[in-house]
Amino acid sequence: MPKGEGDKPKTTVERTDPLIAPLTTGQQVGTIKINTAGGTPVANVPPVVLGGTEQVCLLQALAGIDLEVPRGCILGVVGPNGADKTTLIRTLVGALRPDAGTVRVFGLDPFVDRRRVRAGVGYMPQAPVLYQDLTVRENVTFFARGHATDVRAQVASVLDFVDLDDAVDRPVQTLSGGQQQRTSLAAALVHEPRVLFL
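Residues numbered from 1 in each chain as written. Predicted model: local features only at pLDDT ≥ 70, side-chain atom pairs only at ≥ 80, totals over all residues. Heavy atoms only, no water.

Our next topic: unusual backbone geometry. Backbone geometry places Phe-106, a non-glycine residue, at a positive phi of 60°. The exposure class assigned to Phe-106 is buried, which follows from its relative accessible area of 14%. Unlike most non-glycine residues, Asp-163 shows phi in positive territory, near 60°. Here Asp-163 is to be found in the loop between helix H4 (151-161) and helix H5 (177-189). (Buried < 20%, exposed > 50% of the residue type's maximum accessible area, 1.4 Å probe, protein only. Helix = DSSP H or I, 4+ residues; strand = E, 2+ residues; numbered from the N terminus.)

Here's what the structure looks like:
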């Protein structure tokens, strides 16, 4: 876009991946939309306690993002430590509310419509969030019940998908790091989400 047109400059990224076509003007997109151009969001962070006194630290995060991801695309968000990648994901799942701008997942505000958004989202955090004393099957079943899915069939199917059939009855604490990651992935996929955040 020539300088002076529109309300802000755009950056064009060329893709060579034949599976993901670049967006064109007016293309229908609908899975995820973020626009923080209308303001500077500040992450809602808890107070920091230093020497017994509480101080509120305001962190500017996710300023100037304008992102649309169409259905069927794979998007990688890359950046150094502290670049707000986790803040972005937490905002997309409704765990953080931006102070300005809009966020839409499936056309819904993830903070206002948190339950409906989370029903369609699978989220696998960087560090496994599993119950160490439960078995692989018990962990995945626990997460499946949170989404009211056909628990037995879905758990069996997803454990087969992540190739953990031989470890289903082992406590998570006895698994290798890779097996724990696959258990976390199974927990994120068990309800057949429309979008997966890794």
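Next comes the rest of the write-up.
So, on to the layout of surface pockets. The calculated volume of the second largest pocket comes to roughly 910 Å³. Contributing to the lining of the second largest pocket are 32 residues, with Leu-75, Ile-89, Leu-196, Phe-197 and Leu-198 lying nearest its centre. Going through the elements one at a time, strand S6 (66-69), helix H1 (85-92) and strand S9 (195-197) are the ones with two or more residues in the lining of the second largest pocket. With 5 residues, the single largest contributor to the lining of the second largest pocket is H1. (1 Å grid on protein atoms, 1.4 Å probe; cavity = no way out; pocket = protein on both sides within 12 Å on 5 of 7 lines; lining within 4 Å. Points joined across faces, edges and corners; volume = space filled by probe spheres on them.)

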